[in-house]
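Residues per chain, in single letters:
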Amino acid sequence: MTGLLEPRAIGRGLTRRDGPAKVTGTAPYAYEVPVEAPLYCHPIQATVARGRCLRISAVEAEALDGVQSLITPFTAERLADTDDAELAVLQDCEIPFRGRVIGLVLAESSETARHAAELVDVEYETDPFTVQLAADAPDLYQPDKVNPSFPTDTSEGDVEAGSAVSVDQTYTTAMYHNNPLEPHTTTALWDDGVLTLWDSTQSVHSVRSTLAKVFGLPAEQVRVICPYLGGGFGSKGLPHANVVLAALAARTVPGRPVKLALTRQQMFSLAGYRTPTIQRVRLGAARDGRLESLRMDVVEQTSRIKEFAEQTAAPARMMYAARNRATSHRLARLDVPVPSWMRAPGECPGMFGPEVAMDELAEALGLDPIELRVRNEPERDPETGLPFSSRNLVECLRTGAGRFGWNERDPRPGVRRDGPWLVGSGVAASVYPAKRMRGSSATIRCEKGRYAVEIGAADLGTGAWTILPQIAADALDVPVESIDLRIGDTAYPKATVAGGSTGTASWGSAVVAAARAFREKYGSDPGDGDEAQAETPENPAEKQYSMYGFGAQFAEVRVDADTGEVRVSRLHGTFAVGRIVNPVTARSQLLGGMTMGLSMALHENSVLDPRFGHVVNHDLAEYHIATNADVEDLRAHWLDETDPHLNPMGSKGIGEIGIVGTAAAIANAVHHATGVRVRELPITLDKLLPGLPGAAG
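Residues numbered from 1 in each chain as written. Predicted model: local features only at pLDDT ≥ 70, side-chain atom pairs only at ≥ 80, totals over all residues. Heavy atoms only, no water.

1. Overview of the overall build of the chain
- What the chain contains, in helices and strands, is 15 helices and 26 strands.
- Going through the 697 residues of the chain one by one, you find that 60% of them count as buried.
- Counting contacts in the chain only where the partners sit at least 6 residues apart, residues at least 24 apart contribute 82% of the total.
- Working note: accessible area of the chain is about 26000 Å², and carbon and sulfur atoms make up 48% of it. (Helix = DSSP H or I, 4+ residues; strand = E, 2+ residues; numbered from the N terminus. Buried < 20%, exposed > 50% of the residue type's maximum accessible area, 1.4 Å probe, protein only. Contact = heavy atoms within 4.5 Å. Areas by Shrake-Rupley, 256 points an atom, 1.4 Å probe, with all protein chains shown as cover.)

2. Side note on the nonpolar core
- Judged by nonpolar contacts, the single largest core of 99 residues is most densely connected at M319, L361, V557, I666 and I683.
- Apart from residues no more than four positions distant in its own chain, V557 is found in contact with L422, V423, G424, V566, R567, V568, S569, I666, A669, V670 and A673. (Core = buried A, V, L, I, M, F, W, Y, C linked by side-chain atoms within 4.5 Å.)

3. Thoughts on the pairing of strand β1 (residues 39-45)
- The buried count for β1 comes to six of seven residues, which makes it a mostly enclosed element.
- Note: β1 against strand β12 (residues 258-261), two bridges, orientation parallel. Within β12, the residue paired with L39 across the bridge is V258. (Pairing = 2+ DSSP bridges.)

4. A few points about the sheet that holds strand β13 (residues 277-285)
- Spatially, β7-β15-β14-β13-β8 is the arrangement adopted by the five strands of the open sheet, whose pairing is mixed. Two strands bound the open sheet, and with one partner strand each, they are β7 (154-156) and β8 (165-173). Between one strand axis and the next, the sheet turns through 10° on average, direction left out of account.
- In terms of strand pairing, β8 meets β13 through nine bridges, oriented antiparallel. (Axes fitted to C-alpha atoms, helices over the stretch in contact; angles between N-to-C directions.)

5. Concerning the pattern of salt bridges
- All told, the structure shown has 48 salt bridges when counted by the stated rule.
- Here D633 and R635 are joined by a salt bridge, their closest N and O atoms 2.8 Å apart.
- Through salt bridges that share partners, R445, E447, E454, R486 and E531 make up one connected network. (Salt bridge = Lys/Arg side-chain N within 4 Å of Asp/Glu carboxyl O.)

6. Some words on helix α8 (residues 352-365)
- Taking 1.5 Å of rise per residue, the 14 residues of α8 would be expected to cover 20 Å, and the 20 Å separating its terminal C-alpha atoms lies within 8% of that figure.
- In terms of burial, α8 is a largely internal element, 12 of the 14 residues being buried.
- Of the residues making up α8, those classed as buried are F352, G353, P354, E355, V356, A357, M358, D359, E360, L361, A362 and L365. (Expected span 1.5 Å × (residues − 1).)

7. Considering the sheet that holds strand β20 (residues 483-486)
- Strand order in the open sheet made by the four strands is β20-β19-β18-β21, with mixed pairing throughout. The open sheet is flanked by β20 and β21 (531-535), the only strands paired with a single partner. Strand after strand, the sheet turns through a mean of 20° between neighbouring axes, direction not considered.
- When strand β18 (residues 441-447) meets strand β19 (residues 450-454), the two strands line up antiparallel, connected through five bridges. Each bridged residue has a counterpart across the sheet, and for C446 the counterpart in β19 is Y451.

8. Some details on the layout of surface pockets
- Considering only enclosed or pocket space, the second largest pocket measures out at about 620 Å³ in volume.
- As for the second largest pocket, its lining consists of 28 residues, and the residues nearest its centre are Q45, A46, T47, G99 and Q266.
- Looking at side-chain class alone, the lining of the second largest pocket contains 13 nonpolar, 12 polar and three charged residues. (1 Å grid on protein atoms, 1.4 Å probe; cavity = no way out; pocket = protein on both sides within 12 Å on 5 of 7 lines; lining within 4 Å. Points joined across faces, edges and corners; volume = space filled by probe spheres on them. Nonpolar A, V, L, I, M, F, W, Y, C, P; charged D, E, K, R; others polar.)

9. A short note on the packing of helix α4 (residues 204-215) against helix α5 (residues 241-251)
- Across the interface, α4 lies against α5 with an axial gap of 11 Å and an inter-helix angle of 55°. As far as their axial angle goes, α5 and α4 are oblique. As α4 packs across α5, the resulting crossing turns out to be right-handed. For the pair α4 and α5, the contacting residues are V207, L211, V214 and F215 in the first and V243, V244, A247 and L248 in the second.
- Partitioning the contact of α4 with α5 into residue classes produces eight nonpolar, no polar and no charged. (Parallel < 35°, antiparallel > 145°, perpendicular 65-115°, else oblique. Left-handed = near helix turned anticlockwise from the far one by under 90°.)

10. Thoughts on the packing of aromatic side chains
- What the rule picks out here adds up to 13 aromatic pairs.
- Pairing F388 with F550 gives two aromatic rings, centres 6.0 Å apart and planes at 75°, and the pair type is edge-to-face. Here F550 lies in strand β22 (residues 548-560) and F388 lies in the loop between α9 (369-375) and α10 (393-404), a separation of 162 residues in the sequence.
- On the accessibility criterion, F550 (0% relative accessible area) is buried. (Phe/Tyr/Trp six-rings, centres within 6.5 Å; stacked < 30°, edge-to-face > 60°.)

11. Details of the packing of helix α11 (residues 464-476) against helix α12 (residues 503-522)
- Direction vectors running N to C along α11 and α12 enclose 35°, while the axes themselves pass 9 Å from each other. Seen from above, α11 lies across α12 with right-handed handedness. Between α11 and α12, the contacting residues are A464, I467, L468, I471, A472, A475 and L476 on the first element and T504, W507, G508, V511, V512, A515, F518 and R519 on the second.
- Residue composition of the contact of α11 with α12, grouped by class: 12 nonpolar, two polar and one charged.

12. So, empty space enclosed by the protein
- In the structure shown here, the tally under the stated rule is nine cavities of 30 Å³ or more.
- Within this model, the largest cavity holds a volume of roughly 80 Å³.
- Within the lining of the largest cavity, the residues separate by chemical class into eight nonpolar, two polar and two charged.
- Estimated volume of the second largest cavity: approximately 60 Å³.

13. Quick word on a nonpolar patch on the surface
- Taken together, the side chains of L181, L620 and I625 present a nonpolar region at the surface, about 270 Å² in accessible area.
- Mapped onto the secondary structure, L620 falls in the loop between β25 (614-615) and β26 (633-638).
- Taking the relative accessible area as the measure of exposure, L620 reaches 34% and is therefore partly exposed. (Patch = residues over 30% accessible without salt bridge, like charges linked within 9 Å, V, L, I, M, F, W, Y side chains within 5 Å.)

14. Section: the state of the cysteines
- One pass over the structure, following the stated rule, counts zero disulfides.
- Unpaired in terms of disulfides, C226 finds its nearest cysteine sulfur in C41, a separation of 18 Å.
- Overall, C226 belongs to the buried group, its relative accessible area being 3%. (Disulfide = S-S within 2.5 Å.)

15. Examining the side chain of Q91
- When you line up the elements, Q91 lands in the loop between β3 (67-71) and β4 (94-95).
- Polar side-chain contacts of Q91 include one of 3.1 Å to the backbone oxygen of V89.
- Those residues in contact with Q91, other than ones at most four positions away along the chain, are E77, R78, L79 and T82. (Polar contact = N/O pair within 3.5 Å; in protein donor to acceptor, adjacent residues only side chain to side chain.)

Structure, rendered in structure tokens:
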């Protein structure tokens, strides 16, 4: 890999380029794109958990003024490729989960389409179903791999060997739904054999390649556009059924655009979610606190029609030094919707159990929780044996502790009070891979003395609109104000998904390569129209080093001794995430991740009704997420870290590490405040009340 860029624009706290358009309402989102005479479609969903559709009667619906047509499995076009069962919508009458789309209404207005869908009468044949996850289910199975391609199980040494001090506990995380404020929306148009999609997606090129395959088209006949995105959290990283539905509907009315917006309720069954997990964690340590064994066995769920195995145990494989280690994943195939990516898949749920277990081990040893982690700091990656390109976890812990005032903490649980409030503090570590993906290209062109940078990237709120010009400016050695960025369109060179905290590293590396190719070809005085294109280059260091970002989360909580109400009064994070390209957007990402982790700790829980097979709190009125009132003293800091092995910017991904470890830090703080150990998220008052000081014996 070539050397690091000399920073001039990188490191400046520039405000978001897309900010004015968004706050003034002039940024067009996928559903808002101005098109002529659109039709609107509304999905009809199955109301049984498993079975098949026998008959669909739409007499009343089709009699409504403005209804254009009804598409059902009996009338829908046959797709060219149905290998992905999640996307093979309206191709048969089978119902693998409640909420599966069994019909689609097209009408002149969204209100008419929705009303008509409610009038459709469906007759079902039902089958027995199973929707509840259980660790002792007899039909658990071992998947071939876990997301994206990690080994399912690992084992080294003898994890059954005895230790002087041990912890053996089970921890659970809930089912979570991504819930970006912009729902999953698509505007689709077939015109002269070409499919154009304005889609709310984290990867326009992934949508194009997927839809081209599904409809049997050359990729050149599909164009996908998404300049602005109202959040995604991973749910828009892969195409879901709604995109295919919009394209199917538009196919029936060539030349006329069709708009589809999933309702909040529909997103709970059609747009992915994070699987619930059951984690058994066993730690064994010597009296001095050094880990001798670590074992983590995870049970999670997947859909019966499409497998997704979250890599929940993966971070435990590399986090701490232990000569005896084993991890495993087992799946329950249930009659539920398809799980998928959600912010920091694997690391987010997978660090909850181990980081709470480390707190329990520290208590059993009589050690400070920070000191326990320091004593188990590995010299090399325990899983691969490679040296870390940079690993400053200990400095994150030490620096964060100083800022937080950790040394003033009385280690005894349940002893600090402030009136009716029990007060406690907790810590947990964070980790996330610092990777970049191959497959992105960028073009740089001179246009009347300015520089146009084109790449088909997506900005889901992370700041790509702002930081890619900063990277290009330094690579070209020009003022950042002279850079014009064009993203979010398959008309631009291919870009990998905005996911896995790889966007900046992947796209930025392609932009730097294009800038260097441009300067080599045209020098410092290019002519109008001169351009160069380059791909993300290989980085030999990726095979020589283990690359991760690290962090330490510190939480202070207050628990009402009478009611069990939990308030997070302080939440501080200190991170080692390479060179910060833009401190404004970086802080936003870290604080957002930490807030989402707070939400995971105290609020979020998709409640599945086992009698009917669907999530009952399927809207933002009952699916509780953190709000401004829940976030009091929230701070994100970072170390001045230089890592020359990563990419030309020296950056690490920051979009996801903020959520990792946060829930564990809060759970550990709750135990310190109350003496009650909660191992099942979310931490609700019913789990605390029996153990609080005022509880009846």
